[in-house]
Every structure is written in structure tokens, then in C-alpha cells.
Amino acid sequence: MKTLLASAAVGLCFCVMTGTAQSADCGSVSIAEMNWASAGVAAHVDKIILENGYGCSVEIVPGDTMPTFTSMNEKSEPDIAPEFWVNSVRTPLDAAVKEGRLIQAAEILTDGAVEGWWIPKFLADAHPDIKTVDDALKHPELFPAPDDKTKAAIYNCPSGWSCQVSTANLYRAIGAGEKGFELVGTSSAADLDNSIANAFEKKIGWLGYYWAPTSIMGKYEMVKLSFGVPHNKMDWDTCTAVPDCPTAKVNSYPISQAFTIVTKGFADKAGIAMDYMKARKWSNDTVNSVLAWQRENNGSNESAARYFLKENEDVWTKWVTFNVAEKVRAAL
């Protein structure tokens, strides 16, 4: 019995020391907090788990799709982009992965992400002839611009988002300007959300870019319109996703994938924390429920992350070992 106890004690000591060493190896980590809700919450989920479960020292830094990719690719910082929508930079990202600068970890959204141009369902129900973007452009009177009701509007993404580029190119490709529509920029995710909420409150038409999973899509019923053509990957990669492409053609959004991207430097130093980055993923339904709670409670990204960790143990405990899960629970 003494021998068994001694062996167990040695084993326990070895495990603790090994865990401590692996945690220490994690060191300082920077995580991009992208300025849309699902990615912002994911950044804080990662922060809580990496700090408390793996002993990392985590700094949250502001992020946007294009600037963050450029910085990670050229400067190896930040270390982690938790929810990176890869369609906009697929070609240079593939090159960075092949050349070893960046590593594509888990596909964080297990059932994919949805992008496109949408209208409210109440409008689609009232006008069943509107099935495509071209159908909508035949009815400028249904989509009043916010500052000039004599004009129609298509709402774009905030500056710095990759969807701002694709929406602007598609706006020109489909000839929306010649059909009486102006492209309305938004200053932030909240500004874009408010434009949709205002349309539902006033029961007026709205047409523009949006995506899921989001709290907005959980709260307001929207209908995605077809562009009437199949997705052309070559055109998308070489033109639709390229700023101010002079030869933009009508195209459909690709099936969108959002991955966690990390730098080689993080992967090399992270030890077992890298196993977590490869396992961490959640469904659109889970994200929508968390974001709905956040919106209803005016919660921060950090508070929404803590809400998720407290209410969804069945999800996140599958990403980590038992010992790491216990440490995270104790910190909540």
C-alpha cells in the first residue's frame, strides 16, 4: 500500500509539475477582439479559459478582419483571431498556412456562417414576387434611404470589414446605382443593427448585407435573397473580394466558414493550450442564444462569455481536459 501511495504521490507531483510547466510555456498571449458580437464573445471565452485553465497571460486587442490578418501575417501579432471569416482572404491565408506563418485551428462555427443580402420577412410576405436581389431592385419605392426618402438604399458593412468590399463591388456589378439605389455606409455593427431594428419598428423596407449567427437574426425574421447566379470562386477571390475591383461581376456569396487562426509563434509555445484551440467550436444555435442574452441584458463581451461558460458546460467542457475544466469552473 505504501508503495502504491508513494507511486501515486510521485505521479501526482509529476502531473502537477508538468501541467505547471506547460502552463508557464503558454506565456503572454494576445487575442483579437473583432468588432462583431460573436467574435467578441469568443475572444473573451478564450481569455477566461486560457488564463484560468492554462495559466496564460492574456491581452485582448482590438481587431478587424483585414487589418488583423495583415498584422498576423506580416508581424505575427496578435497571436489569435478566434473567429476569422476566411472567404475574404482565402488565397493569401492559404499561402500563409502553406509557408508556416499561420495555422488554421478549429472551425469555430460548426454549421457554418451565412452571408448575403436580406429583406425583412414581413416585406417578403407582402411582396412574394421578390425572390432575388434583381427583383428587389425593381421596387426602389419599398426601400427608402434614411436621409432622402426619394431615393432607395442598400445598407453596407462598417469600414474595415471584408463584407464592405464585397457589398460595394456587388452594388456596382448589379447596377444598383442606375436603378435608384444608393449604398449607405454604417459606422459600426450597432449602427447596422439599428437600421434593421428601425425598419421592423416602423414596418418599412430594408435591403442590405447581413450575416448569421447574430442576435439580430434571432430576434428579427429576415429572408436572404438570391443573386440569381452560382458562386464563382475564381471571380470572388480575384475581384469580388478585392477593393474597388474595376471588373466586378454579379456573384453569389460563398458558403462561409469561420476558423480560429493562430500564429506559428503561439502554436510553438502554447503546449497543451493548442489542443484547446483545435477543439473549441460551437453551433449557430448556441451562439444565437448567448448573443440574445447579451442584447437583452446589455451585456459586455466578457459578461456574455461568462454567461456562456456558466450555462453551457455541456458544450465547453468537451474542449478541455477534466483538470482544466475544474480550474475554469473555480474562476467563474
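Residues numbered from 1 in each chain as written. Predicted model: local features only at pLDDT ≥ 70, side-chain atom pairs only at ≥ 80, totals over all residues. Heavy atoms only, no water.

Caption draft 1: Representation of the packing of aromatic side chains within the structure. Enumeration according to the criterion identifies 18 aromatic pairs in this entry. Ring geometry for Phe-122 against Phe-200: centres 5.2 Å apart, planes inclined by 90°, an arrangement best described as edge-to-face. With Phe-122 in helix H5 (residues 121–126) and Phe-200 in helix H8 (residues 189–202), the pair connects residues that are 78 residues apart, well separated along the chain. We classify Phe-122 as partly exposed; its relative accessible area is 22%. The class for Phe-200 is buried, based on a relative accessible area of 13%. Note on Tyr-276 and Trp-319: the rings are 6.3 Å apart at their centroids and 50° apart in plane angle, and the pair reads as tilted. On the criterion of sequence distance, the pair formed by Tyr-276 in helix H12 (residues 273–279) and Trp-319 in the loop between helix H15 (313–316) and helix H16 (322–331) is long-range, its members being 43 residues apart. Assessed through its relative accessible area of 0%, Tyr-276 is described here as buried. Taking the relative accessible area as the measure of exposure, Trp-319 reaches 7% and is therefore buried. In textbook terms, an aromatic cluster arises when at least three aromatic residues are bridged by ring pairs, as seen for Trp-36, Trp-117, Trp-161, Tyr-209, Tyr-210, Trp-211, Phe-227, Trp-236 and Tyr-253. (Phe/Tyr/Trp six-rings, centres within 6.5 Å; stacked < 30°, edge-to-face > 60°. Helix = DSSP H or I, 4+ residues; strand = E, 2+ residues; numbered from the N terminus. Buried < 20%, exposed > 50% of the residue type's maximum accessible area, 1.4 Å probe, protein only.)

Caption draft 2: How the structure looks around the pairing of strand E7 (residues 181–186). As paired strands, strand E6 (residues 152–158) and E7 are joined by five bridges and run parallel to one another. The residue of E7 that forms the bridge with Tyr-155 is Val-184. Crossover E6 to E7 through helix H7 (residues 162–173) is right-handed. (Pairing = 2+ DSSP bridges. Right-handed = clockwise from strand over helix to strand, strands pointing away.)

Caption draft 3: Structural context of the packing of H7 against helix H10 (residues 233–240). Where H7 contacts H10, the axes come no closer than 11 Å and their chain directions differ by 105°. Classified by the interaxial angle, the pair formed by H7 and H10 is roughly perpendicular. Of H10, the residues touching H7 (which contributes Val-165, Ser-166, Asn-169 and Leu-170) are Trp-236, Cys-239 and Thr-240. Of the residues belonging to the contact of H7 with H10, the class tally is four nonpolar, three polar and no charged. (Axes fitted to C-alpha atoms, helices over the stretch in contact; angles between N-to-C directions. Parallel < 35°, antiparallel > 145°, perpendicular 65-115°, else oblique. Contact = heavy atoms within 4.5 Å. Nonpolar A, V, L, I, M, F, W, Y, C, P; charged D, E, K, R; others polar.)

Caption draft 4: Layout of the pattern of salt bridges. Summed over the entire model, instances satisfying the criterion amount to 13 salt bridges. For Glu-302, the salt bridge goes to Arg-306, with nearest N and O atoms at 3.5 Å. With Glu-302 and Arg-306 both in helix H14 (residues 301–311), this residue pair falls four residues apart, about one helical turn. Residue classification places Arg-306 among the partly exposed positions, given a relative accessible area of 25%. Residues joined by salt bridges that share partners form a network here, namely Glu-313, Glu-326 and Arg-329. (Salt bridge = Lys/Arg side-chain N within 4 Å of Asp/Glu carboxyl O.)

Caption draft 5: Focus on the nonpolar core. The biggest cluster of nonpolar side chains holds 104 residues, and the ones touching the most others in it are Val-45, Ile-49, Leu-50, Trp-117, Leu-207, Trp-282 and Trp-319. Broken down by element, this core gets its largest block of residues, nine residues, from helix H2 (residues 37–54). Ignoring sequence-local partners within four residues, the contact set of Leu-207 consists of Trp-117, Trp-118, Ile-119, Ala-136, Leu-137, Phe-143, Ala-153, Ile-154, Tyr-155, Phe-181 and Leu-225. (Core = buried A, V, L, I, M, F, W, Y, C linked by side-chain atoms within 4.5 Å.)

Caption draft 6: Spotlight on the layout of surface pockets. Estimates place the volume of the largest pocket at around 380 Å³. Residue lining of the largest pocket: 19 residues in total, with Ala-37, Asp-193, Ser-215, Gln-294 and Arg-295 positioned closest to the centre. Looking at the lining of the largest pocket, the element that brings in the most residues is H8, giving four residues. Of the residues that constitute the lining of the largest pocket, the class distribution is nine nonpolar, eight polar and two charged. (1 Å grid on protein atoms, 1.4 Å probe; cavity = no way out; pocket = protein on both sides within 12 Å on 5 of 7 lines; lining within 4 Å. Points joined across faces, edges and corners; volume = space filled by probe spheres on them.)

Caption draft 7: Main features of the side chain of Asp-135. Position of Asp-135 among the secondary structure elements: in helix H6 (residues 133–137). Residue contacts for Asp-135: discarding those within four places in its chain leaves Asp-129 and Ile-130.

Caption draft 8: Examining the pairing of strand E2 (residues 57–63) more closely. With seven bridges connecting them, strand E1 (residues 28–34) and E2 associate as parallel partners. Bridge pairing in E2 links Met-34 to Gly-63. Taking the sense of rotation as the criterion, the β-α-β connection linking E1, H2 and E2 turns out right-handed.

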